Amino acid sequence: MAPSHCDTNNQSNAVPVAMPAAVVRLGKPTPRIGFGTASATLGQAEGRAGVTQAVLHALAAGYRHFDTASSYNTEAAVGDAVAQAVRAGKIASRDDLYITTKLWIADAHPGRVLPALQKSLRNLRVEYVDMYLIHFPVSMRPPAVEGAIMVVKDDLVEMDMKGVWEEMEECHRRGLARAIGVSNFTCKKLEYLLSFAKIPPAANQVEVHPYCRQNKLRAFCTDKGIQLCAYSPLGGKGAPWANNSVMDSPILEQIAHEKGKTVAQVCIRWVYEQGDCVIAKSFNEQRMQENLDIFGWELTDDDRRRISALPESRGTYNFFVHESGPYKTAEEFWDGEIVAGQSTYQIAASLDSTN
């Protein structure tokens, strides 16, 4: 991997970057680069204290947008870090931050949305989130044990999207979610949602990287005033949803070498140049600083041409496909909007009790 130009000799003395932000239809502008807290072990390997420390390091590096979810098991750690940062005077108040969390599929039912958000707010120890997203366009029967986040494919059911979205709108009206949106929604699903939404979604968070470019979806979202936000901009290497093509790409390595940057920086810069917000995740202090070093330089037309010629593939592919569920094939789940040659990664057994 090519070296970075950023100074990593003393990360604790790094000067936080001035972060550009995207204007969204609800709430305050969204910082373009966010810090992700999803991990392959759903926070178990790092522990609450480890995630808290990582978030504090990210704050020191200059991140102000923090992305979590009820299913990540990191909300409480993010809340701890925010509280510590305020007490230490690192930030003036929680209002200096942009916090996103997500509604898990077991709570994606009328009557469960508001309680789920209220639980997330208690975990985060805040009065509101800046963005609340429907995590996936599918529901699951609530587990026998409340709080379980295992995916049981036999329990997957079609989402009552209208009923769930009405409750998302109520969360916004109550001031508990300054903005509301979705994640992993296709053009077709967004079109259906927009047909009845009184408050349109402000954002759609999806997998985006040089091997999953999302050109059709981005054009649709731009036309509808929906901000696209990219997760797994590096392919999520090491995670159950990983697409290892990204970090192992000879083409991306070549571009990085020519620029004196890392492959990660090339990927994040490419997504940034598309106009998307980017959720970058690394708990390593040096890499979290490097992931912010995407300003003050740009890709060339030739770089962009080479990236546009990469074969399409994605990691988040068939997690919620099952013969007894609402989506029998990946093509159904993605409404035929994926291209030929997509990867067929299987979700890890740790997340799926039916494997």
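Computed from a predicted structure; not experimentally measured.

Q: Describe the environment of Ile91, with residues and values.
A: Relative to the helices and strands, Ile91 resides in the loop between helix H2 (75-87) and strand E5 (98-103). Separated by 27 residues in the primary sequence, Ile91 and Arg64 place their C-alpha atoms 9.7 Å from one another. For Ile91, the contacting residues outside a window of four places in its chain are Leu59, Arg64, Val82, Ala85, Val86, Asp96 and Leu97.

Q: An account of the UniProt feature "active site" (unreviewed entry) in the chain is needed here, citing residue identities and associated values.
A: Summarizing the sequence annotation, UniProt attributes the feature "active site" (unreviewed entry) to Tyr72 in the numbering used throughout. For Tyr72, a relative accessible area of 11% corresponds to the buried category.

Q: Kindly report on the packing of helix H7 (residues 250-259) against helix H10 (residues 301-308), identifying the contributing residues and their values.
A: At a minimum axis separation of 10 Å, H7 and H10 run at an interaxial angle of 165°. One finds that H7 runs roughly antiparallel with respect to H10. The element H7 and its partner H10 pack so that their crossing is left-handed. Only Asp303, Arg306 and Ile307 of H10 make contact with H7, whose side of the interface consists of Ile251, Leu252, Gln254, Ile255, Glu258 and Lys259. Partitioning the contact of H7 with H10 into residue classes produces four nonpolar, one polar and four charged.

Q: Which residues make up unusual backbone geometry, and what are the values?
A: The phi angle at Asn184 is positive, at roughly 65°, despite the residue not being glycine. Within the secondary structure, Asn184 is located in the loop between strand E9 (180-183) and helix H5 (187-196).

Q: Account for the pairing of strand E6 (residues 131-134), naming residues and giving values.
A: Here E6 shows a buried face lined by Met131 and Leu133 and a second buried face lined by Tyr132 and Ile134. Looking at chain direction, E5 and E6 are connected through four bridges and run parallel. Within E6, the position partnered with Thr101 by the bridge is Tyr132. Handedness of the crossover joining E5 and E6 through helix H3 (residues 113-124) is recorded here as right-handed. Across three bridges, E6 lies against E9 in parallel orientation. Residue pairing in the sheet places Leu133 in a bridge with Gly181 of E9.

Q: Summarise the sheet that holds E6; cite the residues concerned and give the values.
A: The parallel closed barrel is built from eight strands, whose spatial order is E3-E4-E5-E6-E9-E10-E11-E12. The average angle at which neighbouring strand axes cross in this sheet is 25°, direction not considered. In the sheet, strand E4 (residues 65-67) pairs with E5 via three bridges, with the strands oriented parallel. Each residue of the ladder has a partner; that of His65, found in E5, is Tyr98. Of the strands in this sheet, strand E3 (33-36), strand E11 (227-231) and strand E12 (277-280) are in contact with helix H8 (residues 263-273), which crosses E12 at around 155°.

What counts and how
- Residues numbered from 1 in each chain as written.
- Predicted model: local features only at pLDDT ≥ 70, side-chain atom pairs only at ≥ 80, totals over all residues.
- Heavy atoms only, no water.
- Helix = DSSP H or I, 4+ residues; strand = E, 2+ residues; numbered from the N terminus.
- Contact = heavy atoms within 4.5 Å.
- UniProt positions renumbered as here; feature names shortened; annotations may be inferred.
- Buried < 20%, exposed > 50% of the residue type's maximum accessible area, 1.4 Å probe, protein only.
- Axes fitted to C-alpha atoms, helices over the stretch in contact; angles between N-to-C directions.
- Parallel < 35°, antiparallel > 145°, perpendicular 65-115°, else oblique.
- Left-handed = near helix turned anticlockwise from the far one by under 90°.
- Nonpolar A, V, L, I, M, F, W, Y, C, P; charged D, E, K, R; others polar.
- Pairing = 2+ DSSP bridges.
- Right-handed = clockwise from strand over helix to strand, strands pointing away.

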